[in-house]
Amino acid sequence: TQTASSTDALQFPAGFLWGSATASYQIEGAVNEGGRTPSIWDTFSHTPGRVERGDTGDVADDHYHRFREDVAMMKRLGLTTYRFSVAWPRITPQVTADSLGPVNPEGIGFYSDLVDELLAAGISPSITLYHWDLPQALEDAGGWTSRTTAERFGEYAEVVAAALGDRVPLFITLNEPWCSAYLGYASGVHAPGRTDDAAALSAVHHLNLAHGLAAASIRRASPSSRVALTLNLAWVCPETDSQQDAEAARRVDGLQNRVFLDPVLRGSYPADVQADTAAVTDWSFVQPGDLEIISAPLDVLGVNYYSPTRVRHWTRERPKEHADGHGEGHASPWIACEDVEFPFQHDRKTDMGWSIDPRGMTELLLRIAREAPGLEIMVTENGAAFPDVVNEEGRVVDTDRIDYLKSHLAAVHEAIEGGAPVTGYYLWSLLDNFEWAWGYAKRFGIVHVDYDTQVRTPKDSALFYADVIRGNALPS
Ligand code: PNW
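All of the points below concern the structure found in this document. Computed from a predicted model, the values in this text were never measured in an experiment.

Our focus in this paragraph is the packing of helix α8 (residues 177-185) against helix α10 (residues 243-266). Two elements in contact, α8 and α10, have axes separated by 10 Å at closest approach and are oriented at 125°. As far as their axial angle goes, α10 and α8 are oblique. Judged by the twist between their axes, the crossing of α8 over α10 is right-handed. Across the interface between the two elements, Pro 177, Trp 178 and Tyr 182 of α8 pack against Leu 255, Gln 256, Val 259 and Phe 260 of α10. For the contact of α8 with α10, the per-class residue count stands at six nonpolar, one polar and no charged.

Below you can see the structure in the form of structure tokens.
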């Protein structure tokens, strides 16, 4: 219904895609069902001390058994698209470094049923092929430090695209290779929990290669599907305009943004990152022909944005601040960045301790539009964790999440006005879920999950989001 004030509403372009996102290990549970074998996150979460309170994904949101109910919820909210990930250990449970092994019909069957359920609800499925649940057998053979993992991933992608591609318009090869490489192999706060900088850089390359091989597989097996890569890019903001802070920003930008963007968009690795890390690795894992594979054209770049990255130069004269949520009590994910710090900000934060600054969203999207002219962009994740506030009627009154969403949707709108070709937005996340090293302690959902009963309750933010979708606009 049109009201006087709705003239001030921020209208999104016709056909804008409104979605939410999840990931297999964070919601499915049923880890020993349907022929699934262990992933690195099963091993990691079952290792004492790795995840808050010893939480695991064994049951999670039990989505494996409740997906029809969850799709019905999406339909009620009015989502036009849903981004989920396929668990590789369900598709080819016997994979080894040397061979993909047989395809598991029960694994394909689960995702095929989910796709059908979505289509019947009028929701377009977007599939992420890798959201961190690497088959443990591949980790045992070196994981992402090994070229064979990338090769097997290319074959796995072909299997999924051949089985589901006729019904799936968008495949996203990888989710956030930054996290897989640096949190998995350098700081060790994510599976497989290794702390070896050389391994992390080799993982960066093999993840990039895996993306390229998978992109080619999807083109072959499902020519009508579009291919995307999702990166957690950073808006890197130096604290002052000093030369030294600019240098700190260059380093972080290289490791977080350009080491992933340059090979895909330009077919090369940034020379400065290779020079900065020369003492760690000689980059000999990059073989002739790799960059041609990695730089095959993309249809869509997926961007996940949560928080800005403020940096400054660090000198030994003062204690280093570890305000990026990565530096405390464990190894750093920032390779060759000993003289960089992430100063604590006295600003509003989410329950993750992540600063709230929607300006970073606009700046980031505009930068991509400048550097990759014409490349379609989708925000494949954005959202916030906040502790639940339940009122007397039992409603979850998550005003802080609504504020976060409002300001970030306005930031996306501003980027579109400024010329960024953003065609969709996926809110992280549909459901409260297993938040990796934080377990169930952090809630990102717009739908509350009671982990004792598995009862789902839409929070106020879900009702807000349904309104946005209905009007294709951010209400004033
Ligand atoms: C992303 N960091 O993860 C993931 O794609 C989601 O699975 C996750 O639930 C969501 O963001 C919220 O955390 C990240 O430490 C995890 O910088 C950690 C970081 C960034 C993204």
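Let us look at the nonpolar core. Formed by 155 residues in total, the largest nonpolar core has its most connected members in Trp 41, Phe 153, Tyr 182 and Tyr 425. Residue contributions to this core peak at 11 residues, all from helix α9 (residues 197-221). Once you skip the residues sitting within four places of it in the chain, Trp 41 turns out to touch Tyr 25, Val 51, Trp 132, His 190, Ala 191, Phe 434, Trp 436 and Ala 437.

The subject of this paragraph is the pattern of salt bridges. According to the stated counting rule, one finds 40 salt bridges in the structure shown. Across the pair Arg 443 and Asp 432 runs a salt bridge, and its minimum N-O distance is 2.6 Å. Here Asp 432 lies in the loop between β12 (422-428) and β13 (447-449) and Arg 443 lies in the loop between β12 and β13, a separation of 11 residues in the sequence. Arg 443 gets classed as buried once you look at its relative accessible area, which sits at 18%. Classification of Asp 432 as buried rests on a relative accessible area of 0%. A salt bridge links Arg 470 to Asp 467; its shortest N-O distance comes to 2.7 Å. With Arg 470 and Asp 467 both in helix α15 (residues 460-471), this residue pair falls three residues apart, about one helical turn. Residue class for Asp 467 comes out partly exposed when judged on its relative accessible area of 39%. Look at the salt bridges and you will find they share partners, linking Glu 247, Arg 250, Arg 251, Asp 253, Arg 258, Asp 262, Arg 266, Asp 272, Asp 276, Arg 367 and Glu 371 into a network.

What the eight strands build is a closed barrel, ordered β2-β3-β4-β5-β6-β8-β11-β12; its pairing is parallel. Each strand axis lies, on average, 25° off the axis of its neighbour in the sheet, ignoring direction. Bridge analysis of strand β3 (residues 81-85) against strand β4 (residues 124-130) gives five bridges, and the strand direction is parallel. Each bridged residue has a counterpart across the sheet, and for Arg 83 the counterpart in β4 is Ser 126. The strands touched by helix α7 (residues 147-164) within the sheet are β4 and β5 (170-175), with β4 carrying the most contacts at an inclination of about 160°. The strands that helix α14 (residues 399-417) touches are β2 (17-21), β11 (376-382) and β12; relative to β12, the one it contacts most, it runs at about 165°.

Definitions and limits used
Residues numbered from 1 in each chain as written. Predicted model: local features only at pLDDT ≥ 70, side-chain atom pairs only at ≥ 80, totals over all residues. Heavy atoms only, no water. Axes fitted to C-alpha atoms, helices over the stretch in contact; angles between N-to-C directions. Helix = DSSP H or I, 4+ residues; strand = E, 2+ residues; numbered from the N terminus. Parallel < 35°, antiparallel > 145°, perpendicular 65-115°, else oblique. Left-handed = near helix turned anticlockwise from the far one by under 90°. Contact = heavy atoms within 4.5 Å. Nonpolar A, V, L, I, M, F, W, Y, C, P; charged D, E, K, R; others polar. Core = buried A, V, L, I, M, F, W, Y, C linked by side-chain atoms within 4.5 Å. Buried < 20%, exposed > 50% of the residue type's maximum accessible area, 1.4 Å probe, protein only. Salt bridge = Lys/Arg side-chain N within 4 Å of Asp/Glu carboxyl O. Pairing = 2+ DSSP bridges.

Function cannot be read off these values alone, since they describe shape.
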